[in-house]
Every structure is written in structure tokens, then in C-alpha cells.
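Descriptive structure summary
Single-letter residue listing:
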Amino acid sequence: MERKNDITPEKLREWLAEHTENDPNDGLVHDTEQALLDFAAAHAIEPAPELRERILGNIFRMIEQEKSAETIDLANLPLLTRESNWMSWKSAVAHIHPPDDLENIHLHPIRSDAEVEIWVAFVCEFIPEEVHTDLLESFILLEGSCECIITDAAGAVRTVHMREGDYIAFNLGETHEIFITSADRPAKAILQWLKLAA
């Protein structure tokens, strides 16, 4: 199967035919292909050593999530926890899409009771700074990527980079704002507000 960025000998022949006076022969096509390969090799960038481990770790994590995936009943939703299977959640809400006129944030409610509020959240750009003292906020990212800037009660700031499948829970009193880093589509997440007893 041809990939999007493959340059086949046939494509080279077409390009050469447009840019030379004579029909390109097999030798010219071969020499041009070899020149492109030599150029690519001379300008190749060695990836960071940890990249291989990160890629393999992501593959392993996806395999494990697929093995342990279970059907989630939207009529009887479980609470979101660090152990929640993101592929199970992603499958359960696959039919829920953002509105066509989405400008930044859209929350689609899927559970609301005295214990918890759970939404499918779609965010294009950012979630403005907020802090909660009466509920525990957490979310699991289903699609896209984001960056969470978190400031604790003592003023210490940390940044958490998240990708699909990552989970985060904010502590009471932590100020947080979220910036979407995936530009091709809105980020999609399961957002949970666990209400604390009064």
C-alpha cells in the first residue's frame, strides 16, 4: 500500500517528464531516486534515545488497555478513577460528537446526581483558570493532547503534558488551567466532578 508521502519511481518519472525535454529513461529515474535517498541520508536527524522507549511504552499500554477493555453502560456509569480503562470509555462515548458550531468548550452531560457530575467534554483551545474547594475534579483524555498548568495552595507550579489515555485528578484548592496542544481537532475527554459532602 502506498503511503501519503511515498515517492514512487512512477511519480519520479512523471515529475522528470514535466521538467526535462526528453522522456526520462530508467537510468535517469534510478539516478534521481538515488540522489533523493542520498540527500535524505545526509540530512537525517537521529531521534532522541528515549523516543524508542516512549513509543514502545505507548504500544504496550494500548495493548494492555485493549485486553482489559469492558463495556461501559451509559445508563449506569461508574466513577472515573486512575484505573479506568480509557479505551472502554472511548468506545462508550464514540457516538457523542461536538456541535458543528463549537467555538471552544462543549460539555455533554452523561451522569448527574447527588454524588457526581460526568460529562463528555470537547475543548478546542483552552479551559480558563479555575479552582475548586467543594468538589474533586478529574478527567481522562480520549482524543487529542493538552497541557495542564497547576498551582498548589503554596504557590508551587507544575506542568503536566497529557496525551490520549492519560488521567489526572486535581487536589482541592489547586488552581488549574488547560491548553489544548492538538490543533487538528478538539480534545475529547471524560470530565468528572465528584461532589464532597457538605
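These notes cover the structure that comes with them. Remember, it's a predicted structure, so these values are computed and weren't measured experimentally.

**Looking at the sheet that holds strand β9 (residues 187-195)**
The 5 strands lie next to each other as β1-β2-β9-β4-β7, forming an open sheet whose pairing is antiparallel. Strands with a single pairing partner mark the edges of an open sheet, and in this sheet they are β1 (105-112) and β7 (167-169). Recorded for the sheet is a direction-independent mean angle of 20° between the axes of neighbouring strands. Bridging between strand β4 (residues 135-143) and β9 involves 8 bridges; their strand directions are antiparallel. Along β9, the bridge assignment pairs Leu135 with Lys195.

**Considerations on the pairing of strand β6 (residues 157-162)**
For a regular strand, side chains alternate in direction, first toward one face of the sheet and then toward the other. In this sheet, β6 lies alongside strand β5 (residues 146-151) in antiparallel orientation, the contact comprising 6 bridges. Each residue of the ladder has a partner; that of Glu147, found in β6, is His161. In this structure, the hairpin formed by β5 and β6 is closed by a connection of 5 residues, where Gly155 is found at a positive phi of approximately 95°.

**Details of the environment of Glu83**
Tracing the sequence through the fold places Glu83 in the loop between α3 (49-68) and α4 (86-92). According to the relative accessible area criterion, Glu83 is exposed, its value standing at 67%. Considering only alpha carbons, one finds Glu83 and Tyr167, 84 residues apart in sequence, at a separation of 8.8 Å.

The rules behind the values
Residues numbered from 1 in each chain as written. Predicted model: local features only at pLDDT ≥ 70, side-chain atom pairs only at ≥ 80, totals over all residues. Heavy atoms only, no water. Pairing = 2+ DSSP bridges. Helix = DSSP H or I, 4+ residues; strand = E, 2+ residues; numbered from the N terminus. Axes fitted to C-alpha atoms, helices over the stretch in contact; angles between N-to-C directions. Buried < 20%, exposed > 50% of the residue type's maximum accessible area, 1.4 Å probe, protein only.

The analysis is restricted to geometry; functional conclusions fall outside its scope.
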